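Coordinates in review
The chain contents come next:
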Amino acid sequence: METKNVGEKQGQLQRNLSLFEATMFGISFVIGTGVFLKPSVVLENSGSTQMAIIMWIVAGLISLCSALTIAEIAAYIPKLGGLYTYLSELYGEAIGFLYGWVTILVSGPGGAAASAIAFATFASYFIKLSSTGMRILSISVVILFGIIQILSTKGAMKLQVAGTIGKLAPIFAILFFGFFQKNIPGSINMDLISNSKSITISGALIGALWAYDGWVSTCTLGEELVNSEKNLPKAIIIALVFVTAVYALFNVVIFRNIPANTIVGSENIGVDVAKSLFGHKGATLVSVGVLISSVVTMNAQMMNNERNILPMAQRQLLPGHQILSKISPKFDTPVPCIILQIILTCIYIFSGTFETVTNMVIFVVWVFFTLAVFGVFILRKKYPRKDGLYSTPLYPVIPILGIFGGSYLVISTLISMFKLSMIGIIVALIGLPIYLYYKNKK
């Protein structure tokens, strides 16, 4: 159990997470399996290797504009709950509740379940597992990391940092050897790839933007981060700049070492480029990297969702809030929230519905995310300016670009996944009578 600082009380979250730990938390949440799987999708829709690189950079810049904006909100409202709390304080409790409702019940545990299943899938590369065996392994790893989070937040975060370094190792190995490879069968140019059926820049941009998703989860650490008013914005921005550089460089290496037409249609381009650089051992290298990546991402997703449950329970807006709002006096961790997160994640793993339900609420989550970026305009009207706190550069240009990126994803998702988007809206609205009930009761 972590050592408490002078003046800290038992039975509450401890402010003992460093800037480095928060930054690594954000990096680990964003860099998942997408870095190994998305390049072929982005390339196919871009039409050429050079345009694909541009799309990765543009998506990173759009995400960075959102991050630069949200970072200001994080500086002024560095509280537990992150986006849930920002929406509640800027737009009212009802809007925040609907976002929290969807996150707690669907996207949070559904995403963690997907990561746990991905871990078991790649583990089967080393150990032969049946479908039942993969489910058992997935549930086991969820329970194991849940127990670690119960025992110590600081310990879980140290494990997160170590895992992030572990999953970055194969990526940096590919980057290092890829740049010094003398025999270069690929190239980066504007030549159209021959087997690309259709070129849709919007599809390429959406594919790249999805790979950047998750950086906002760092905001949920607001009450546990040392000097959060200054360190939280720094953690968000440093993490996203780092991720953008890694994504762009990783794709440069891929396009230099593998012909473009081979990349399109590849099920795992990360494995392919590792094989070209290191032989068959490369597949093992990447598989280990993805294995670590999956479980580390799952750990971050669980920690993030638990910190959405806790503030809603503390505001007496959830069933069982009397229990869920408690923090263990022995471990200073939100034990009931962690147990609930474990149960919900295991239900999704057991039912096998995690992909369907997470796709169902993608549209809704991005609506709230775009509202949060727009919230900086409300923030500046509601909160007096403070000297020394982070301020969005090039205001209002940066927020407008962030809003454009979010709106683009929302509209594109609505068009391409209309039925699922409508179901997602219904799921969100189901939370409204629950909110009104507990609001009136309170």
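Helix and strand counts for the protein chain come out as 18 helices and zero strands. Expected size for 442 residues packed as a compact globule is a radius of gyration near 22 Å; at 21 Å, the protein chain falls within 12% of this value. Looking at the protein chain residue by residue over its 442 residues, the buried ones come to 58%. In the protein chain, of all internal contacts separated by at least 6 residues, the share reaching a separation of at least 24 is 82%.

Turning our attention to the packing of helix α3 (residues 49-76) against helix α4 (residues 83-91). When two helices pack together, their arrangement is given by the angle between the helix axes and by the axis-to-axis distance. Two elements in contact, α3 and α4, have axes whose closest approach is 11 Å; the angle formed by their N-to-C orientations is 75°. Classified by the angle their axes make, α3 and α4 are roughly perpendicular. For the pair α3 and α4, contact is made by Ile70, Ile73 and Ala74 and by Leu83, Tyr86 and Leu90, respectively. Looking at the contact of α3 with α4 residue by residue, the class counts come to six nonpolar, no polar and no charged.

Take the state of the cysteines next. In the structure shown here, the tally under the stated rule is zero disulfides. Cys337 carries a free sulfur, and the closest cysteine sulfur to it, the one in Cys346, is 16 Å from it. On the basis of relative accessible area, Cys346 is assigned to the buried category, the value being 14%.

Together, Phe176, Phe177, Phe179, Phe180 and Leu249 make up a nonpolar patch on the protein surface, roughly 530 Å² of accessible area in all. Mapped onto the elements, Phe177 comes out in helix α7 (residues 153-179). Taking relative accessible area as the criterion, Phe177 reaches 43% and is therefore assigned partly exposed.

Turning our attention to helix α9 (residues 228-257). Relative to the 44 Å expected for 30 residues at 1.5 Å per residue, α9 spans 42 Å between its end C-alpha atoms, a close match to the ideal helical length. Within α9, 21 of the 30 residues are buried, leaving the element largely enclosed by the surrounding structure.

With that settled, the discussion passes to empty space enclosed by the protein. Scanning the model with the defined rule gives one cavity of 30 Å³ or more in all. Estimated volume of the largest cavity: approximately 70 Å³. Every residue along the wall of the largest cavity is listed here: Ile62, Ser63, Ser66, Leu209, Tyr212, Asp213, Trp215, Trp366, Phe369, Gly405, Gly406 and Leu409. Of all elements in the fold, only α3, α16 (362-382) and α17 (397-416) reach the threshold of two or more residues within the lining of the largest cavity.

What follows is about the layout of surface pockets. By volume, the largest pocket amounts to about 1,500 Å³. Lining the largest pocket are 47 residues; nearest its centre among them are Gly111, Trp210, Asp213, Gln301 and Thr358. Residues belonging to the lining of the largest pocket are distributed by class as follows: 21 nonpolar, 22 polar and four charged. Taken as a whole, the second largest pocket encloses approximately 160 Å³ of empty space. In this structure, the second largest pocket is lined by Lys38, Val41, Gly203, Ile206, Gly207, Trp210, Ser412, Thr413, Ile415, Ser416 and Met417. Elements that contribute at least two residues to the lining of the second largest pocket include exactly α2 (34-46), α8 (201-211) and α17. Across the lining of the second largest pocket, the residue classes tally to five nonpolar, five polar and one charged.

Take the packing of helix α12 (residues 281-314) against helix α14 (residues 335-351) next. α14 packs onto α12 with a crossing angle of 120° between their chain directions and a minimal axis gap of 9 Å. Put simply, α12 runs oblique to α14. When you trace α12 past α14, the crossing you get is right-handed. Residues Met302, Asn305, Glu306, Ile309 and Leu310 of α12 form the contact with α14, whose own contacting residues are Cys337, Ile338, Leu340, Gln341 and Ile342.

In this model helix α1 (residues 19-30) runs 17 Å from its N-terminal to its C-terminal C-alpha over twelve residues, within 8% of the 16 Å that 1.5 Å per residue would give. Counting buried positions over the twelve residues of α1 gives ten, a clear majority of the element. Of all the residues in α1, the buried ones are Glu21, Ala22, Thr23, Met24, Phe25, Gly26, Ile27, Ser28, Phe29 and Val30. Buried-residue contacts for α1 involve α7, α8, α9 and α12.

All right, on to the environment of Ser266 then. Of note, Ser266 is situated in the loop between α10 (260-263) and α11 (269-278). Taking relative accessible area as the criterion, Ser266 reaches 12% and is therefore assigned buried. As for Ser266 and Ile150, which are separated by 116 residues in sequence, their C-alpha atoms are 40 Å apart. In this structure, Ser266 is in contact with Ser40 and Asp272, ignoring residues within four places of it in sequence.

Another point: the packing of aromatic side chains. A full pass over the atoms with the stated rule returns 17 aromatic pairs. A centroid spacing of 5.4 Å and a plane angle of 45° characterise the contact between Phe97 and Tyr435, whose relative ring orientation is tilted. Pair noted here: Phe97 is in helix α5 (residues 93-123) and Tyr435 is in helix α18 (residues 418-441), with a separation of 338 residues, a long-range link. The two residues Phe97 and Tyr435 agree in class, both being buried. Cation over ring: Arg380 sits above Tyr395, and NZ or CZ is 3.7 Å from the ring centre.

With that out of the way, let us pick up the side chain of Ser40. Tracing the backbone shows Ser40 in helix α2. The contacts of Ser40, once residues within four sequence positions are left out, are Ile263, Gly265 and Ser266.

In this section: the confidence of the model for the protein chain. Here the protein chain averages 89 in pLDDT, while 94% of its residues score no lower than 70. Of all helices and strands in the protein chain, the one with the weakest mean pLDDT is helix α15 (residues 354-360) (76), whereas α4 scores best (97).

Thresholds, definitions, all that
Position numbers for residues start from 1 in each chain and track the written sequence from start to end. Local features in this predicted model are restricted to residues whose pLDDT is 70 or higher, and side-chain atom pairs enter the listing and the counts only when it is 80 or higher, whereas totals over whole chains, interfaces and linings include all residues. Processing note: side-chain calculations cover all non-hydrogen atoms of the structure and skip hydrogens and water entirely. What counts as a helix is a DSSP run of H or I of at least four residues, what counts as a strand is a run of E of at least two, and both are numbered from the N terminus. Radius of gyration here is computed from C-alpha atoms only, and the compact-globule reference equals 2.2 Å multiplied by the residue count raised to the power 0.38. Three exposure classes are used, based on accessible area relative to the maximum for each residue type with a 1.4 Å probe and protein chains only: buried under 20%, partly exposed in between, and exposed over 50%. The contact criterion used is simple: two residues touch if any of their non-hydrogen atoms lie within 4.5 Å. For every element, the axis is a line fit to its C-alpha atoms; helices are fit only across the contacting stretch, and the angle between N-to-C directions ranges from 0 to 180 degrees. Relative orientations are named as follows: roughly parallel for angles under 35 degrees, roughly antiparallel for angles over 145 degrees, roughly perpendicular for angles from 65 to 115 degrees, and oblique for any other angle. Residues are grouped as follows: Ala, Val, Leu, Ile, Met, Phe, Trp, Tyr, Cys and Pro are nonpolar; Asp, Glu, Lys and Arg are charged; all remaining types, including Gly, are polar. Cysteine sulfur atoms are paired as a disulfide whenever they fall within 2.5 Å. In this scheme, patches are assembled from residues that exceed 30% relative accessible area and form no salt bridge. Like charges are connected within 9 Å, while nonpolar side chains (Val, Leu, Ile, Met, Phe, Trp, Tyr) are connected within 5 Å. The protein chains shown are the only cover counted for residues, whose accessible areas, like all others here, come from Shrake-Rupley with a 1.4 Å probe. We define a salt bridge as a side-chain nitrogen of Lys or Arg found within 4 Å of a carboxyl oxygen belonging to Asp or Glu. Here, expected helix span is obtained from the residue count minus one, scaled by 1.5 Å. A cavity here means a set of 1 Å grid points, computed over protein atoms only, where a 1.4 Å probe fits but cannot escape. A pocket is an open set with protein on both sides within 12 Å along at least 5 of 7 lines, and lining residues have an atom within 4 Å of a point. Grid points are joined across faces, edges and corners, and a volume is the space filled by probe spheres set on the points. Should the near helix be turned anticlockwise from the far one by less than a right angle, the crossing is left-handed, and should it be turned clockwise, the crossing is right-handed. For Phe, Tyr and Trp, where Trp contributes only its six-membered ring, two rings pair if their centres lie within 6.5 Å, and the inter-plane angle classes them as stacked under 30 degrees, edge-to-face over 60, or tilted in between. Comment: the charge-over-ring label is applied if NZ (Lys) or CZ (Arg) is within 6 Å of the ring centre and within 35 degrees of the ring normal. For every residue, the predictor states its confidence as a pLDDT score lying anywhere from 0 to 100.

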